[in-house]
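# Examining the three-dimensional arrangement
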Amino acid sequence: MSMNLLNLLRRRTGSAPVARERLQILLAHERGLRSQPDLLGILREEILAVVSRHVVLDPEKVIVRMDRGDAVSTLEVDIEIPNGFEKRLKVAS
Amino acid sequence: MAKVLVVTSGKGGVGKTTSTAALGAALAQRGEKVVVVDFDVGLRNLDLIMGAERRVVFDLINVAQGVAKLSQALIRDKRLESLWLLPASQTRDKDALTDEGVRDIIADLRTKFDWIICDSPAGIERGATLAMRYADEAVVVTNPEVSSVRDADRIIGMLDSKTVKAEQGEQIKKHVLITRYDTSRAARGEMLNIDDILEILAVPLLGIIPESQDVLKASNVGSPVTLNNAGSQPARAYIDAARRLSGETVDMVVPTEQRRGFMDRLLGRRAA
Ligand SMILES: Nc1ncnc2c1ncn2[C@@H]1O[C@H](COP(=O)(O)OP(=O)(O)OP(=O)(O)O)[C@@H](O)[C@H]1O
Ligand SMILES: [Mg+2]
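Residues numbered from 1 in each chain as written. Chains lettered and ligands numbered in written order. Predicted model: local features only at pLDDT ≥ 70, side-chain atom pairs only at ≥ 80, totals over all residues. Heavy atoms only, no water.

Next up on the list: the interface of chain A and chain B. Between chain A and chain B, the contact holds 14 residues from the first and 17 residues from the second. When chain A packs against chain B, close to 1400 Å² is buried across both sides, 54% of that on carbon and sulfur atoms. Summed over the shared surface of chain A and chain B, the result is three salt bridges. Here Glu30 of chain A makes a salt bridge to Arg150 of chain B, at a shortest N to O gap of 2.5 Å. (Contact = heavy atoms within 4.5 Å. Buried area = accessible area lost by both parts, 1.4 Å probe. Salt bridge = Lys/Arg side-chain N within 4 Å of Asp/Glu carboxyl O.)

Pasting the structure below:
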């Protein structure tokens, strides 16, 4: 009885519960990414396809990046478009 | 029927090689015919832990490339006649090992042994994927510590997607082996709980190996701990784990702090 109580008190003060919680949150997130392993690749392809319908693009210049923050994650899409694309737009339409 | 078992972890230095040697020897002591295969190309160590480093002539890559026959590369243990070692190569060329090469060697070993235990290199790159590629079962080695558990989770994901078994829609059988379990830190609540680790990883427990000087002593003399000091705490835990691998039900022993005897205290000796 006293031994159990001691263990309980120790557990409260130890750092193990913090470790468990951090791991649970992290792994929930990482497993989500794994089940959609190439989410970024898919996004990149589709964004490229949509933009290319209107602008002539160098596929190498389309960069999609995901940054994970504490509360929210951000998706950063960086597309380099050659100068004078408006002209090409007119030709296309 | 032969079983191919990969000992893997993701994180380095958690005890894969130690566990491969200890489990291999424990299974061989039970009369099973066992080969331990070192997949850590360029950083071989299993030969040293098994005490066979001076008997290596040919290695895994020599066999894969057809330079040597399998029978020329296999080294028989000096203590246990049903225990064999297939050493890794020390080459720097990590691409020397191919998928086809591994496939053929494993197929050949299956005809000769009951257990083929593959000691994986750390990481999630080619070497680790090749080591697990043809496995039927996996021992995921982890320490009770966050980064090791995180990597174990990653490796479990790979076992479920990148092995031939998984690609054929079958389940690869997985076990978690918790090693370097420090009993005094566990008592102070400083180490991840066993139950928490199992809940997080959702893979059944194969055993709990305590942090122990006996492991170091065994590696110093080049003998698996299960052979070097079969009565020690880590050896008993490995022997129980080997019995579970063979399908026996064995009660799980959670290592506890070993009481120091009066003489030990008097002489100031540390508990093992
Ligand atoms: N239960 C234990 N008690 C004490 N020391 C241990 C224990 N298990 C392993 N070690 C020590 O930890 C170190 C790493 O062990 P080992 O080489 O088996 O790990 P590994 O996972 O194979 O490493 P790598 O990823 O580099 O291949 C060694 O010095 C070994 O003696
Ligand atoms: Mg190793």
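Residue and element names in this part refer to chain B. On inspection of all chains with the given rule, the structure shows three cavities of 30 Å³ or more. A volume near 60 Å³ is recorded for the largest cavity. Lining the largest cavity, in full, are Thr18, Ala21, Ala22, Ile49, Val215, Ala218, Ser219, Ser223, Pro224 and Val225. Grouping the amino acids of the lining of the largest cavity by side-chain chemistry returns seven nonpolar, three polar and no charged. (1 Å grid on protein atoms, 1.4 Å probe; cavity = no way out; pocket = protein on both sides within 12 Å on 5 of 7 lines; lining within 4 Å. Points joined across faces, edges and corners; volume = space filled by probe spheres on them. Nonpolar A, V, L, I, M, F, W, Y, C, P; charged D, E, K, R; others polar.)

All names here are of chain B. The environment of ligand 1 is made up of 16 residues, and the closest members are Lys16, Thr17, Thr18, Arg180 and Ser212. A distance of 2.8 Å separates an oxygen atom of ligand 1 from a polar side-chain atom of Thr17. A distance of 2.9 Å separates a nitrogen atom of ligand 1 from a polar atom in the backbone of Pro210. Bound to the protein, ligand 1 loses 78% of the 630 Å² it would expose on its own. Elements that contribute at least two residues to the shell around ligand 1 include exactly α1 (16-29), β8 (205-210) and α11 (213-221). If you tally residues by element for the shell around ligand 1, the top one is α1, at three residues. (Near = heavy atom within 4 Å. Polar contact = N/O pair within 3.5 Å; in protein donor to acceptor, adjacent residues only side chain to side chain. Areas by Shrake-Rupley, 256 points an atom, 1.4 Å probe, with all protein chains shown as cover. Helix = DSSP H or I, 4+ residues; strand = E, 2+ residues; numbered from the N terminus.)

Residues and elements named next belong to chain B. In total, this model carries one aromatic pair over all chains according to the counting rule given. With centroids separated by 6.4 Å and ring planes inclined at 70 degrees, the aromatic side chains of Trp84 and Phe113 adopt a geometry described as edge-to-face. Separated by 29 residues along the polypeptide, Trp84 in strand β4 (residues 83-86) and Phe113 in the loop between α5 (99-110) and β5 (115-119) bring together distant segments of the chain. Grouping residues by exposure puts Trp84 and Phe113 together as buried. Lying over the aromatic face of Phe113, Lys33 brings its terminal NZ or CZ to 5.0 Å of the ring centre. (Phe/Tyr/Trp six-rings, centres within 6.5 Å; stacked < 30°, edge-to-face > 60°. Buried < 20%, exposed > 50% of the residue type's maximum accessible area, 1.4 Å probe, protein only. Lys NZ or Arg CZ within 6 Å of the ring centre and 35° of its normal.)

Before going further, it helps to spend a moment on the confidence of the model for chain B. Averaged over every residue, the pLDDT of chain B is 93; residues scoring 70 or more account for 94%. Predicted complex, confidence summary: ipTM 0.73, pTM 0.82. (pLDDT = per-residue confidence, 0-100.)

Scanning the model with the defined rule gives 25 salt bridges over all chains in all. Between Glu76 of chain A and Arg65 of chain A there is a salt bridge; the shortest N-O distance is 2.9 Å. Of this pair, Glu76 of chain A sits in strand β2 (residues 73-79) while Arg65 of chain A sits in strand β1 (residues 62-68), placing them eleven residues apart in sequence. Residue Glu248 of chain B is joined to Arg243 of chain B by a salt bridge in which the shortest nitrogen-to-oxygen separation is 2.8 Å. Owing to a relative accessible area of 28%, Arg243 of chain B belongs among the partly exposed residues under this scheme. Within the structure, one salt-bridge network assembled from shared partners comprises Arg30, Asp240, Arg243 and Glu248 of chain B.

Turning our eyes to something else, we now look at the environment of Ala71 of chain A. Mapped onto the elements, Ala71 of chain A comes out in the loop between β1 and β2. Residues Ala71 of chain A and Ile25 of chain A, spaced 46 residues apart in sequence, show a C-alpha to C-alpha distance of 12 Å.

A separate point is the pairing of β4 of chain B. All names here are of chain B. Where burial is concerned, the two faces of β4 agree: the one with Leu83 and Leu85 and the one with Trp84 and Leu86 are both buried. With four bridges joining them, strand β2 (residues 34-38) and β4 adopt parallel strand pairing. Within β4, the position partnered with Val36 by the bridge is Leu85. Taken together, the two bridges between strand β3 (residues 75-76) and β4 define a ladder with antiparallel strand orientation. Across the sheet, residue Ile75 finds its bridge partner in β4, namely Leu85. Linkage of β3 to β4, two consecutive antiparallel strands, is achieved through a turn of six residues. (Pairing = 2+ DSSP bridges.)

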